[in-house]
Amino acid sequence: MAVLRFLLNGRAHEESRISPTTTVLDYLRIHLGLTGTKEGCAEGDCGACTIALARRTGDSYVTANSCLLVVPQLHGASVLTVEGLAGPDGALHPVQQALVETDGTQCGFCTPGFIMAMFAFQESGEPARDDLIHEALAGNLCRCTGYRPIVDACRRIAATPSAQTYAPVPRVQDCPDYGETGARFLAPTTMDDLAAILAAHTNAQLLAGGTDLGLLFSRERKSLPLLVSIAHIPDLARIASTASGLEIGAAATYNAALPHIEALYPSFGSLIRRIGSRQIRNLGTIGGNIANASPIGDTIPCLMALGAAVTVRSTVGARTIPMEEFITGYRKTALAPGEFIEKIFLPKPQPGETFTANKISKRFDQDISAVVAAFAIRIGGGKLISIRAAYGGMAAQAARAHALETELAGRSWSLEALGDLESLLARDFTPADDHRASAQYRLSVAANLVRRLCLEMNGNAPAALETL
Ligand SMILES: Cc1cc2nc3c(=O)[nH]c(=O)nc-3n(C[C@H](O)[C@H](O)[C@H](O)COP(=O)(O)OP(=O)(O)OC[C@H]3O[C@@H](n4cnc5c(N)ncnc54)[C@H](O)[C@@H]3O)c2cc1C
Ligand code: FES
Ligand code: FES
């Protein structure tokens, strides 16, 4: 049994006795008595449990939901909780002072979480732009104060860089083999070691950011015999631009990949900004999203429409699978036993092709999609030359709309010529009725997204559409 080592509020901290599936939230509150960090939902939605993490030397602090992390994920990191923000003389941190001065707190339950989100926003050096402030605070809920004074406090601190410094992230070389038979946590540092572990242990469960898997420990209070983290494998965190496209390692977080994806496909970037909250995107990965193979996983339709490919690896070598073939059913993938996702390849935009991604949900922020639609389309001489259309939320798995694609090719690119898109889509999908949307709504919205694209590309989108 190894020892977990990390910095906690600037002090070296060691742990060797806690179960590997204990959440960081429980650890802080129950085991260490650091009750400033609050529990609201225990499923990543409210932000009351927000802490700040710096993973590697030179990284700035980013937010994370402590309810979704397990303690061994902290190994090698520097962790700050609200208790660690005050100055050495006990003076309030400027973020705390700003909340006091703007009357940004009432019952105070949400306040530590907001403080940590505002602290990370300040540390990021982002300008005091309202869109960035709203994005930074979208993962935190307040039931009583109202958001105006909280946003006011964030505007103040964004303009004033923090003078406080925090201890650098420790250099931890060892790879933890933590826990005992029955509940063990491994964190290999090479792909070969990872492949060997998966070959030797058929019960191993891979862990990337833990924003899906973490719910098992946090909400369902389950344990797993063997968790294998990929977060310490530098090759899997790599993002590389090649002549033909972008390679995104399976351990690269959404926020690390975002600027690279946004530069190629702004619309895909905008969709990623709506996946969960910053707290979620600081941990979660595209690799985890596609491995989970949820019918409403937001990146899957985008990757299908873009013609992306997934490289998977095991002890016998690597193979590359087109994204469409990677998803094989409801929460099923083409991964064979012993295989893991190594990277996702996104081809560069093709000349003359337009790509657009859409997420339809009840709320703009922090919401699960009712429908996700992505289109890669080529127009010439007023006609639709080709379209790759992929949808999520329309069936048990995300999929291309082949009937729609075939029927639309060659038609005039006008609203009139598109005709009865709902009937075409009904040949591709039989959507379900559920609490997120009715089947009829799903078909209508899926069709209307094609109409909207047509209006936008023809430059005659009504003003109301442009604000959607
Ligand atoms: C509050 C909240 C909001 C969310 N909002 C959204 C949203 O808006 N849109 C959306 O699509 N999703 C959303 N999610 C779901 C989740 O954040 C995403 O699916 C995310 O991409 C999962 O990535 P991860 O790295 O956290 O995966 P993990 O939880 O670490 O793993 C998920 C699954 O993938 C497997 N896995 C991970 N990496 C690999 C690999 N390299 N090879 C093989 N298998 C692997 C794991 O074993 C596990 O089965 C949300 C989740 C929460 C808690
Ligand atoms: S307790 Fe609500 S996000 Fe963690
Ligand atoms: S101050 Fe009461 S929940 Fe925000």
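Residues numbered from 1 in each chain as written. Chains lettered and ligands numbered in written order. Predicted model: local features only at pLDDT ≥ 70, side-chain atom pairs only at ≥ 80, totals over all residues.

Quick notes on the site of ligand 1
Lining the immediate surroundings of ligand 1 are 31 residues, of which G44, A208, G209, G288 and N289 lie closest. Of all elements in the fold, only β8 (204-207), α12 (286-292) and β16 (340-347) reach the threshold of two or more residues within the shell around ligand 1. A per-element tally of the shell around ligand 1 places α12 first, with five residues. Class assignment for the residues of the shell around ligand 1 results in 14 nonpolar, 13 polar and four charged. Structurally, the shell around ligand 1 is a two-domain feature, drawing no fewer than three residues from each of domain 1 (4-83 + 167-229) and domain 3 (234-347). (Near = placed C-beta within 6 Å. Helix = DSSP H or I, 4+ residues; strand = E, 2+ residues; numbered from the N terminus. Nonpolar A, V, L, I, M, F, W, Y, C, P; charged D, E, K, R; others polar. Domains from an automatic or database assignment.)

Some thoughts on the sheet that holds strand β7 (residues 183-186)
In space, the four strands of this open sheet follow the order β6-β7-β9-β8, with mixed pairing throughout. If you trace the sheet from one side to the other, it starts and ends with β6 (177-180) and β8, each paired once. Across the sheet, the axes of successive neighbouring strands diverge by a mean angle of 15°, strand direction being ignored. For β8 and strand β9 (residues 226-229), the ladder comprises four bridges, and the chain directions are parallel. Across the sheet, L207 pairs through a bridge with S229, a residue of β9. (Pairing = 2+ DSSP bridges. Axes fitted to C-alpha atoms, helices over the stretch in contact; angles between N-to-C directions.)

Section: the sheet that holds strand β5 (residues 78-80)
Across the sheet, five strands lie side by side as β2-β1-β5-β3-β4; this open sheet has mixed pairing. Either end of the sheet is taken by a strand with one partner, and the two such strands are β2 (11-15) and β4 (62-65). Strand-to-strand twist across the sheet, computed as the mean angle between neighbouring axes with direction ignored, equals 40°. Note that strand β3 (residues 50-54) and β4 share four bridges and pair antiparallel. Counterpart to I51 in the pairing with β4 is A64.

Considering the pairing of strand β18 (residues 371-380)
The buried count for β18 comes to seven of 10 residues, which makes it a mostly enclosed element. Across eight bridges, the pairing between strand β17 (residues 353-360) and β18 is antiparallel. If you follow T356 over to β18, its bridge partner there is F375. Linking β18 to strand β19 (residues 383-392), which pair antiparallel, is a turn of two residues; within it G381 sits at a positive phi near 60°. (Buried ≥ 20, exposed ≤ 12 C-beta atoms within 10 Å, placed from the backbone.)

Observations regarding the domain arrangement of the chain
Its domain assignment divides the chain into domain 1 (4-83 + 167-229), domain 2 (88-158), domain 3 (234-347) and domain 4 (353-466). Inter-centroid distance (C-alpha atoms) of domain 2 to domain 4 is 38 Å.

Thoughts on the environment of M323
Mapped onto the fold, M323 is located in helix α14 (residues 323-326). On the basis of neighbour counts, which here come to 25 C-beta atoms within 10 Å, the residue M323 falls in the buried class. Ignoring sequence-local partners within four residues, the contact set of M323 consists of L303, M304, A308, A309 and V310. (Contact = placed C-beta atoms within 7 Å.)

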